[in-house]
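Working through the structure, step by step
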Amino acid sequence: AQSVTQPDARVTVSEGASLQLRCKYSYFGTPYLFWYVQYPRQGLQLLLKYYPGDPVVQGVNGFEAEFSKSNSSFHLRKASVHWSDWAVYFCAVNNYAQGLTFGLGTRVSVFP
Amino acid sequence: EAAVTQSPRNKVAVTGGKVTLSCNQTNNHNNMYWYRQDTGHGLRLIHYSYGAGSTEKGDIPDGYKASRPSQENFSLILELATPSQTSVYFCASGDAGTTAEQFFGPGTRLTVL
């Protein structure tokens, strides 16, 4: 069965520093992968998505992610973090009939 | 603007009472989903639907029923609410097929006393 692992429950970063959030997936076949962001007291918003093709995908607000089939990974990156990036980030993989399987999320805190 | 809306946004219920959470989408998507979000568990799928009249069990359906009377509306029903169902509930919609992208509502915070 498919699964998603986000090994870092919490990440703290200084404003202006770079950010990488890790995501490992398990999936039989070629996956569709997603990163969602959840701001405090809000629903999930799509940051970016990977469909088979270019392994590096660009998203909103300067985020990008890189798919690696050999490593079963889909890590999220941002070159320079802003205070408004304080949020919880979820990685997800398509789940055949049932839509999406989510990781547990990574909580990102940004400090000046 | 296409959107997913949920009502109520906050709900306090008593143990043993009936609770209905409503979801409306204007995305014209065939598929709709109900998740609950709890610390340490991420998002877990409760029920989903492929279209009007259809409901399917997700990963944690016990204690919940779902109803999809129309393309736009999808309800989650707790017939006998329990404190363990205290959570934040999210509705989502998505296209049928393999693209799998889902669009989420703002959530309903349910407290069962």
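Structure shown above.
None of these values were measured; they are calculated from a predicted model. (Residues numbered from 1 in each chain as written. Chains lettered and ligands numbered in written order. Predicted model: local features only at pLDDT ≥ 70, side-chain atom pairs only at ≥ 80, totals over all residues. Heavy atoms only, no water.)

For the rest of this paragraph, the subject is the pattern of salt bridges. Residue and element names in this part refer to chain A. Summed over all chains, the structure comprises 8 salt bridges over all chains. In this structure, Asp8 engages Arg22 in a salt bridge whose closest nitrogen and oxygen atoms are separated by 2.9 Å. With Asp8 in the loop between β1 (3-5) and β2 (10-14) and Arg22 in the loop between β3 (19-21) and β4 (24-26), this pair connects stretches of sequence that are 14 residues apart. Relative accessible area serves as the criterion here: at 36%, Arg22 is assigned to the partly exposed category. When salt bridges that share partners are traced, they join Glu64, Glu66 and Arg77 into one network. (Salt bridge = Lys/Arg side-chain N within 4 Å of Asp/Glu carboxyl O. Helix = DSSP H or I, 4+ residues; strand = E, 2+ residues; numbered from the N terminus. Buried < 20%, exposed > 50% of the residue type's maximum accessible area, 1.4 Å probe, protein only.)

Here we come to the nonpolar core. Residues and elements named next belong to chain A. Counting 28 residues, the largest nonpolar core has Trp35, Leu48, Phe74, Leu76 and Tyr89 as its most contacted members. Elements with a minimum of two residues in this core: β2, β3, β5 (33-38), β6 (44-50), β8 (63-68), β9 (73-78), β10 (87-94) and β12 (106-111). With 4 residues, the top contributor of residues to this core is β10. Leu48 has contacts with Leu33, Phe34, Trp35, Val57, Gln58, Gly59, Phe63, Glu64, Ala65, Phe74 and Leu76, leaving out every residue within four places of it along the chain. (Core = buried A, V, L, I, M, F, W, Y, C linked by side-chain atoms within 4.5 Å. Contact = heavy atoms within 4.5 Å.)

Contacts between the two partners involve 24 residues from chain B and, on the opposite side, 20 residues from chain A. Taken together, the two surfaces of chain B and chain A that pack against each other cover about 1,700 Å², and 52% of this comes from carbon and sulfur. Of all residues in chain B, Leu43, Glu101 and Phe104 of chain B bury the most surface against chain A, accounting for 27% of the area lost on that side. The interface formed by chain B and chain A contains 1 salt bridge. In this structure, Lys49 of chain A engages Glu101 of chain B in a salt bridge whose closest nitrogen and oxygen atoms are separated by 2.6 Å. Sorting the residues of the side of chain B that touches chain A by element identifies β4 (31-38), β5 (42-49) and β10 (102-104) of chain B as the ones contributing at least two each. (Buried area = accessible area lost by both parts, 1.4 Å probe.)

Counted as a void, the largest pocket has a volume near 800 Å³. Mapped by element, the contributors of at least two residues to the lining of the largest pocket are β10 and β12 of chain A together with β4, β9 (87-94) and β11 (108-112) of chain B. For the lining of the largest pocket, the per-class residue count stands at 12 nonpolar, 13 polar and 6 charged. (1 Å grid on protein atoms, 1.4 Å probe; cavity = no way out; pocket = protein on both sides within 12 Å on 5 of 7 lines; lining within 4 Å. Points joined across faces, edges and corners; volume = space filled by probe spheres on them. Nonpolar A, V, L, I, M, F, W, Y, C, P; charged D, E, K, R; others polar.)

Let us now look at the side chain of Asp85 of chain A. Mapped onto the elements of the fold, Asp85 of chain A is located in the loop between β9 and β10. Filtering out sequence-adjacent residues up to four positions away, Asp85 of chain A remains in contact with Phe63, Lys78, Val108 and Val110 of chain A.

All names here are of chain B. What the 4 strands build is an open sheet, ordered β1-β3-β8-β7; its pairing is antiparallel. The open sheet has two edge strands with one neighbour each: β1 (4-7) and β7 (65-67). Strand-to-strand twist of the sheet, defined as the mean angle between neighbouring strand axes without regard to direction, takes the value 20 degrees. (Pairing = 2+ DSSP bridges. Axes fitted to C-alpha atoms, helices over the stretch in contact; angles between N-to-C directions.)

Once that is clear, we can look at the state of the cysteines. In total, this model carries 2 disulfides over all chains according to the counting rule given. With its sulfur 2.0 Å from that of its partner, Cys23 of chain A forms a disulfide with Cys91 of chain A. On the S-S bond that ties Cys23 of chain A to Cys91 of chain A, the torsion sits near -65 degrees, and the link is left-handed. Note that Cys23 of chain A is positioned in the loop between β3 and β4 and Cys91 of chain A in strand β10, a separation of 68 residues in sequence. For Cys23 of chain A, a relative accessible area of 0% puts it in the buried group. With relative accessibility at 0%, the residue Cys91 of chain A sits in the buried group. What pairs with Cys23 of chain B in a disulfide is Cys91 of chain B, and their sulfur atoms sit 1.9 Å apart. (Disulfide = S-S within 2.5 Å.)

Further remarks concern the side chain of Ser68 of chain A. Residues and elements named next belong to chain A. Note that Ser68 resides in strand β8. For Ser68, a relative accessible area of 15% gives the class buried. Beyond its immediate chain neighbours, meaning those up to four positions away, Ser68 contacts Tyr25 and Ser73.

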